[in-house]
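Remarks on the overall topology
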Amino acid sequence: MADASWGNCKNCRFFAANGDEPGAEEVQSCNQPELKQYALVVSGDSGCNAYEARTGETVPTYEEPAPSMN
Ligand code: SF4
(Lines give C-alpha, C1' and ligand atoms only; values in the text may rest on other atoms or scores of the structure.)
Protein backbone atom coordinates (compact mmCIF):
# COMPACT_ATOMS: atom_id res chain seq x y z
CA MET A 1 0.00 0.00 0.00
CA ALA A 2 1.38 3.38 -0.96
CA ASP A 3 2.27 5.78 1.82
CA ALA A 4 1.39 9.38 1.04
CA SER A 5 4.55 10.62 2.71
CA TRP A 6 6.87 8.32 0.78
CA GLY A 7 9.08 9.91 -1.83
CA ASN A 8 12.38 9.66 -3.65
CA CYS A 9 15.54 11.02 -2.09
CA LYS A 10 16.31 13.16 -5.15
CA ASN A 11 13.25 15.28 -4.37
CA CYS A 12 13.70 15.26 -0.61
CA ARG A 13 15.03 18.23 1.29
CA PHE A 14 17.21 15.97 3.45
CA PHE A 15 19.14 14.63 0.46
CA ALA A 16 22.58 16.25 0.57
CA ALA A 17 22.59 16.96 -3.15
CA ASN A 18 25.21 19.12 -4.80
CA GLY A 19 22.80 20.79 -7.18
CA ASP A 20 19.19 21.84 -7.40
CA GLU A 21 18.15 18.89 -9.50
CA PRO A 22 19.95 15.75 -8.35
CA GLY A 23 19.66 12.76 -10.63
CA ALA A 24 18.50 9.23 -9.86
CA GLU A 25 22.10 8.00 -9.91
CA GLU A 26 23.46 10.64 -7.54
CA VAL A 27 24.65 9.17 -4.25
CA GLN A 28 24.62 11.39 -1.20
CA SER A 29 24.14 11.26 2.54
CA CYS A 30 20.74 11.63 4.16
CA ASN A 31 20.43 14.50 6.60
CA GLN A 32 17.04 13.62 8.05
CA PRO A 33 17.48 14.35 11.79
CA GLU A 34 16.43 10.90 13.02
CA LEU A 35 18.23 9.01 10.26
CA LYS A 36 21.43 11.04 10.29
CA GLN A 37 22.77 9.00 13.23
CA TYR A 38 22.95 5.99 10.91
CA ALA A 39 25.08 7.88 8.38
CA LEU A 40 22.92 6.62 5.54
CA VAL A 41 24.21 6.99 2.03
CA VAL A 42 21.37 6.91 -0.45
CA SER A 43 20.89 7.31 -4.17
CA GLY A 44 18.45 9.69 -5.83
CA ASP A 45 16.22 6.76 -6.68
CA SER A 46 16.08 5.59 -3.07
CA GLY A 47 13.37 6.83 -0.77
CA CYS A 48 11.65 6.42 2.56
CA ASN A 49 8.61 7.53 4.49
CA ALA A 50 10.52 10.29 6.29
CA TYR A 51 10.59 12.08 2.95
CA GLU A 52 9.83 15.79 2.94
CA ALA A 53 9.56 17.60 -0.34
CA ARG A 54 11.91 20.44 -0.97
CA THR A 55 10.06 23.71 -0.81
CA GLY A 56 11.85 25.29 -3.72
CA GLU A 57 14.47 24.67 -6.33
CA THR A 58 16.82 27.31 -5.00
CA VAL A 59 17.30 29.16 -1.77
CA PRO A 60 16.06 32.69 -2.33
CA THR A 61 18.60 35.40 -1.94
CA TYR A 62 17.65 38.72 -0.53
CA GLU A 63 19.35 41.91 -1.50
CA GLU A 64 19.29 44.96 0.63
CA PRO A 65 18.28 48.08 -1.26
CA ALA A 66 21.21 50.35 -1.89
CA PRO A 67 21.34 53.20 0.63
CA SER A 68 20.33 56.49 -0.88
CA MET A 69 23.12 59.01 -1.14
CA ASN A 70 21.30 62.22 -0.23
S1 SF4 B 1 16.33 8.43 3.01
FE2 SF4 B 1 14.32 9.41 3.32
S3 SF4 B 1 14.71 11.27 4.52
FE4 SF4 B 1 16.67 10.57 3.66
S5 SF4 B 1 16.92 11.71 1.76
FE6 SF4 B 1 15.93 9.77 1.25
S7 SF4 B 1 13.72 10.19 1.30
FE8 SF4 B 1 14.75 11.88 2.36
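Some points on the overall build of the chain
- Tallying secondary structure elements over the chain gives zero helices and four strands in all.
- What you see in the chain, going N to C, is helices and strands ordered as β-β-β-β.
- Within the chain, the proportion of its 70 residues that are buried is 16%.
- Total accessible area on the chain is roughly 5600 Å²; 50% of this is exposed by carbon and sulfur atoms.

Details of the environment of Lys36
- Checked against the element boundaries, Lys36 lands in the loop between strand 2 (27-29) and strand 3 (41-43).
- Setting aside anything within four residues of it in sequence, one finds Lys36 in contact with Cys30 and Asn31.

A few points about the site of the ligand
- In the vicinity of the ligand, the contacting residues are Gly7, Cys9, Cys12, Phe14, Phe15, Cys30, Gln32, Gly47, Cys48, Ala50 and Tyr51.
- Its residues assigned to classes, the shell around the ligand comprises eight nonpolar, three polar and no charged.

Here's the deal with the side chain of Gln32
- Position of Gln32 among the secondary structure elements: in the loop between strand 2 and strand 3.
- Setting aside chain neighbours within four positions, we find Gln32 in contact with Phe14 and Ala50.

What to know about the pattern of salt bridges
- Per the counting criterion, the structure on display carries two salt bridges.
- In this structure, Lys10 engages Asp45 in a salt bridge whose closest nitrogen and oxygen atoms are separated by 3.9 Å. Linking Lys10 in the loop between strand 1 (7-8) and strand 2 with Asp45 in the loop between strand 3 and strand 4 (47-48), this pair joins segments that are 35 residues apart in sequence.
- Residue Asp45 is classed as partly exposed on the basis of its relative accessible area of 46%.
- Here Glu52 and Arg13 are joined by a salt bridge, their closest N and O atoms 2.8 Å apart. Residue Glu52 is found in the segment after strand 4, and its partner Arg13 is found in the loop between strand 1 and strand 2; the two are separated by 39 residues along the sequence.
- By relative accessible area, which is 35% here, Glu52 ends up partly exposed.

About the cut-offs
Residues numbered from 1 in each chain as written. Predicted model: local features only at pLDDT ≥ 70, side-chain atom pairs only at ≥ 80, totals over all residues. Heavy atoms only, no water. Helix = DSSP H or I, 4+ residues; strand = E, 2+ residues; numbered from the N terminus. Buried < 20%, exposed > 50% of the residue type's maximum accessible area, 1.4 Å probe, protein only. Areas by Shrake-Rupley, 256 points an atom, 1.4 Å probe, with all protein chains shown as cover. Contact = heavy atoms within 4.5 Å. Near = heavy atom within 4 Å. Nonpolar A, V, L, I, M, F, W, Y, C, P; charged D, E, K, R; others polar. Salt bridge = Lys/Arg side-chain N within 4 Å of Asp/Glu carboxyl O.

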